[in-house]
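What follows is the residue order along each chain.
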Amino acid sequence: MKVDIILSGVGGQGILSIAAIIGEAALKEGLYMKQAEVHGMSQRGGDVQSNLRLSDQPVASDLIPTGQADLIISLEPMESLRYLPYLKKEGWLVTNARPFVNIPDYPDMETIHAELDRLPKKVVLDVEAIAKEAGSVRAANIVMLGAATPFLGIAYSKIENGIRHIFGRKGEEVVDMNLKALRKGYDVAQRLQ
Amino acid sequence: MGKHLFLGDEAIAQAAIDAGLSGVYAYPGTPSTEITEYIQASAIAKERNIHSKWSANEKTAMEAALGMSYAGKRALCCMKHVGLNVAADCFMNIAMSGIHGGMLIVTADDPSMHSSQNEQDNRVLGNFAMIPVLEPSNQQEAYDMVYDGFECSERLGYPILLRITTRMAHSRAGVIRRPMKEQKTMSFPEDGRQRFILLPALARQRFKALLAAQDLFLQESESSAYNTYFDAPDKGLGIITTGIAFNYLSENYPDGFAYPVLKIGQYPLPVKQVERLVNACKEILVLEEGFPVVEEQLRGFPGKGLTIHGRLDGTLPRDGELTPDNVGKALGKSVTGYYTVPGVVRQRPPALCQGCGHRDVYDALNEVLLEYKEARVFSDIGCYTLGALPPFRAIDSCIDMGASITMAKGAADAGLFPSVAVIGDSTFTHSGMTGLLDCVNEEANVTIIISDNETTAMTGGQDSAGTGRIEAICAGIGVAPEHLRTMTPLKKNMEEMKRIIREEIEYKGVSVLIPRRECIQTLTRKKKASRK
């Protein structure tokens, strides 16, 4: 088992929480993992990414080589395209449909959708809208995690346990809301595939 | 014990705690900040009364760490690579005095400059000071090097420099902890005055001692488990890796190395192992994250007709981080048939947060300075450096911590008017105060804006050393009270801010303006915490 994942988004969107939950679940599964993050200046509204590598064998490089990622998980549609050179030709791209516009020259959404349409395997969903249905817009990143779960190589129930572990100290209500968001994302993605 | 998912920084912090640490001393700086933050948040560190408060700058941090070591306890001192420049005066001279309680200095270098103004490789400074340097290739090694490093430092009598880079500092992996050791009790060096009073006559003795210790450091290095030789049948090439470069090499040889490999994690350069490699292979490839430090040393090696590839001959780029891709390319492997970045993708640079007080400061300053053709704004290191980018384009320089005030002074000395400095509160107390004293002593015609958000914001909101006392500090340095003015940077105060800035630019002498409003990131976090 070996899954290489690029997580992307805009500073502050919460890609690192997604990485933390997957990481926690992977470690519990006895998998090897490495996860490279970028902290600091780029977190101020710039583009951010994290390389997450899971395997049943020791992982060498913290960075994923070009063309080797099995999956891109992105909280922002334009940001999902930035890391395409890392994606395998047959890899999956799971992205939020809703743009985060904080630059003056943000491209026309039609051109972004045209690029996404060219990819053979993708799931594009509005995670904020789904999160709202689930009861909290703040759980948008967990909806995204739910949508990406089928591609992680880790059982859905283990990801649920990861959420229980990470959010446990915030109380049952927060855990339940996030589990609901995870399920919503998972269900919507199942329908879209 | 099970595996813990640790950032490299966290592995270092936990290892130091487990090794019986008594104090960490540091100033925040990416990518080193999380080491100290981890210790600050650790319950066991609190229980053990481990010192972990931020220092005013890296030099005060290192000196305090040395004091703790002098008193026999184990001390850790952490900084980003450029922080070691600030602490260099102390650093070079600890190599003369040596230490008493174990002392580790962590330098977190930032090749590719993710969050820095240069990509200096501090292994060079380790060589310069002539002390042992450790460079881990993974998080477990980082843990083990720190765990064992204090004892090694005590055995050798010298501090050890641990060099990590961004991808080690900010990458997570599973780490196995080792049993927790007792902290040291207070004790003093027997030969303390002979070692710690660096008067010339004594310093000469100390330098001879440091020179004599080099053989010992080399023996340590040659017998170190972190310097490993992997043999392989094909001697057409020999490969040397340092630190995390080993991982990129391994990535390219998932089924075992094709050529002999020397993996280096401890310096000085292990001569025996290097000799073994250069005697076996006529062609050597050096893979190192940062400057061609080993590559340059190898060029002076007594190898007959050795051909050396690396960053100096163009096999690898001279600048920037190593990647599995550029290492693969150096090994003759190429990647083809991957997707390209679509043309619609735009740059998304970092920006000042919406609602940030620095925004209002730059809006007001920009408007006033439209009235002055020659105005220049010397800025500094912090969030407000983002004032360089659109829509503000408000600053003309950002060189090093504190350089805004002193550059403004020098330019004013040269005749520039208005000569404006913009510096943050934490950077001011780090390295701006002494420059302000220069300005006051010479009555320089400068306008200094200390944009005070009451935190060290860029690195994530750590305590700022002078919070609540910035005016008192400026007044104490000698700024005239009538030219020491505060304001609240808000849209509604725009006219008042512009008036004050204009008045103080027109004053021919030192003015200090302090726009003060709490960082909205720390404010939001506080509000969230109080709601719980």
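Caption draft 1: Structural detail: the overall build of chain A. A tally of helices and strands in chain A yields seven helices and six strands. The order of helices and strands in chain A, counted from the N terminus, is β-α-β-β-β-α-β-α-β-α-α-α-α. Taken over C-alpha atoms, the radius of gyration comes to 16 Å for chain A, in line with the 16 Å a tight globule of 193 residues would show. Each of the three principal axes of chain A carries a C-alpha extent, and together these read 40 × 40 × 35 Å. Residues counted as buried form 55% of the 193 residues belonging to chain A. In chain A, 67% of the contacts between residues at least 6 apart in sequence involve partners at least 24 apart.

Caption draft 2: Expanded view of the pairing of strand β4 (residues 103-109) of chain B. All names here are of chain B. Burial of β4 is extensive: seven of the seven residues sit out of reach of the surface. Residues Met 103, Ile 105, Thr 107 and Asp 109 point to one face of β4 and Leu 104, Val 106 and Ala 108 to the other, with burial holding for every one of them. Both strand β3 (residues 74-80) and β4 contribute to a ladder of six bridges, which runs parallel. Note on β4: the bridge partner recorded for Leu 76 is Leu 104. Bridge count for β4 against strand β6 (residues 160-165) is six bridges, and the pairing is parallel. Residue Leu 104 lies in a different strand from β6, and its bridge partner there is Ile 160.

Caption draft 3: Local environment of the packing of helix α16 (residues 357-369) of chain B against helix α20 (residues 494-506) of chain B. Residues and elements named next belong to chain B. Across the interface, α16 lies against α20 with an axial gap of 9 Å and an inter-helix angle of 50 degrees. In terms of their interaxial angle, α16 and α20 are classed as oblique. Between α16 and α20 lies a crossing of right-handed hand. Across from Asp 363, Ala 364, Leu 365, Glu 367 and Val 368 in α16, the residues of α20 making contact are Met 494, Met 497, Lys 498, Ile 501, Arg 502 and Ile 505. Taken together, the residues of the contact of α16 with α20 break down into seven nonpolar, no polar and four charged.

Caption draft 4: Region of interest: the pairing of strand β9 (residues 238-242) of chain B. Residues and elements named next belong to chain B. Most of β9 sits out of view: five of its five residues are buried. Pairing geometry for β9 and strand β12 (residues 283-287), over four bridges, is parallel. Across the sheet, residue Ile 239 finds its bridge partner in β12, namely Leu 285. Traced from β9 through helix α12 (residues 245-252) to strand β10 (residues 261-264), the parallel crossover comes out right-handed.

Caption draft 5: Structural detail: the nonpolar core. Among the nonpolar cores identified, the biggest contains 213 residues, and Val 143 of chain A together with Ala 65 and Val 146 of chain B are the most heavily contacted of them. For this core, the element with the highest residue contribution is helix α1 (residues 15-28) of chain A, accounting for nine residues. Ala 65 of chain B has contacts with Gly 23, Tyr 25, Ala 75, Leu 76, Cys 77 and Met 103 of chain B, leaving out every residue within four places of it along the chain.

Caption draft 6: Molecular detail of the sheet that holds strand β13 (residues 307-309) of chain B. Residues and elements named next belong to chain B. Within the open sheet, the five strands sit side by side as β8-β10-β9-β12-β13. Their pairing is mixed. Whereas interior strands pair on both sides, the edge strands pair on one side only; in this sheet they are β8 (228-230) and β13. Within this sheet the neighbouring strands show an average axis-to-axis angle of 20 degrees, counted without direction. Note that β12 and β13 share three bridges and pair parallel. Bridged to Ile 284 within β13 is Ile 308. Strands in contact with α12 are β9, β10 and β12; relative to β9, the strand with the most contacts, it is inclined by about 135 degrees.

Caption draft 7: Molecular detail of helix α11 (residues 200-222) of chain B. With 23 residues, α11 of chain B should reach 33 Å at 1.5 Å per residue; the first-to-last C-alpha distance of 33 Å fits that figure. At Gln 214 of chain B, α11 of chain B shows its strongest bend, of approximately 30 degrees.

Caption draft 8: Structural view of unusual backbone geometry. Residue and element names in this part refer to chain B. Of note, the bond from Thr 30 into Pro 31 is cis; its omega dihedral lies within 30 degrees of zero at 5 degrees. Mapped onto the elements of the fold, Pro 31 is located in the loop between β2 (21-26) and α2 (33-41). Between Pro 390 and Pro 391 the backbone carries a cis peptide bond, its omega angle lying at 5 degrees. Mapped onto the elements of the fold, Pro 391 is located in the loop between β14 (376-378) and α17 (403-413). Phi is positive for Ser 112, which is not a glycine, with a value near 75 degrees.

Caption draft 9: Structural context of the confidence of the model for chain B. Per-residue confidence for chain B gives a mean pLDDT of 96; residues scoring 70 or more make up 99%. Confidence estimates for the predicted assembly give a pTM of 0.96 and an ipTM of 0.94.

Caption draft 10: Structural view of the sheet that holds strand β6 (residues 122-125) of chain A. Ordered by their spatial adjacency, eight strands build an open sheet running β6(A)-β5(A)-β4(A)-β1(A)-β3(A)-β2(A)-β7(B)-β1(B), and the pairing between neighbours is mixed. Here the strands that pair on one side only, and so sit at the sheet edges, are β6 of chain A together with β1 (3-7) of chain B. Each strand of the sheet is rotated relative to its neighbour by a mean of 20 degrees, with strand direction disregarded. With four bridges joining them, strand β5 (residues 87-96) of chain A and β6 of chain A adopt parallel strand pairing. Bridged to Asn 96 of chain A within β6 of chain A is Leu 125 of chain A. Relative to strand β3 (residues 47-55) of chain A, α1 of chain A is tilted by about 10 degrees, and along the sheet it contacts β1 (2-10), β2 (32-36), β3 and β4 (69-74) of chain A together with β1 and β7 (171-176) of chain B.

Caption draft 11: Just the interface of chain B and chain A, in detail. Of the residues lining the interface, 39 residues belong to chain B; the matching set on chain A comes to 42 residues. Only β1, β7, α12 and α15 (324-330) of chain B provide two or more residues apiece to the side of chain B that touches chain A. Grouping the amino acids of the side of chain B that touches chain A by side-chain chemistry returns 19 nonpolar, 13 polar and seven charged. Strand direction decides the pairing type here: β2 of chain A and β7 of chain B, joined by three bridges, are antiparallel. For Gln 35 of chain A, the partnering residue across the bridge sits in β7 of chain B and is Arg 172 of chain B.

Caption draft 12: Main features of the packing of helix α1 (residues 8-18) of chain B against helix α8 (residues 139-156) of chain B. Residue and element names in this part refer to chain B. For the pair α1 and α8, the least separation of the axes is 8 Å and the interaxial angle reads 30 degrees. Between α1 and α8, the crossing angle belongs to the class labelled roughly parallel. Read as a crossing pair, α1 and α8 show a hand that is right-handed. Residue-level inspection shows Gly 8, Ala 11, Ile 12, Gln 14, Ala 15, Ala 16 and Asp 18 of α1 in contact with α8, the latter providing Gln 139, Ala 142, Tyr 143, Val 146 and Tyr 147. For the contact of α1 with α8, the per-class residue count stands at eight nonpolar, three polar and one charged.

Cut-offs and rules
- Residues numbered from 1 in each chain as written.
- Chains lettered and ligands numbered in written order.
- Predicted model: local features only at pLDDT ≥ 70, side-chain atom pairs only at ≥ 80, totals over all residues.
- Helix = DSSP H or I, 4+ residues; strand = E, 2+ residues; numbered from the N terminus.
- Rg over C-alpha atoms; globule rule 2.2 N^0.38 Å.
- Buried ≥ 20, exposed ≤ 12 C-beta atoms within 10 Å, placed from the backbone.
- Contact = placed C-beta atoms within 7 Å.
- Pairing = 2+ DSSP bridges.
- Axes fitted to C-alpha atoms, helices over the stretch in contact; angles between N-to-C directions.
- Parallel < 35°, antiparallel > 145°, perpendicular 65-115°, else oblique.
- Left-handed = near helix turned anticlockwise from the far one by under 90°.
- Nonpolar A, V, L, I, M, F, W, Y, C, P; charged D, E, K, R; others polar.
- Right-handed = clockwise from strand over helix to strand, strands pointing away.
- Core = buried A, V, L, I, M, F, W, Y, C linked by C-beta atoms within 7 Å.
- Expected span 1.5 Å × (residues − 1).
- Bend = angle between axes of the 7 residues up to and from the residue.
- pLDDT = per-residue confidence, 0-100.

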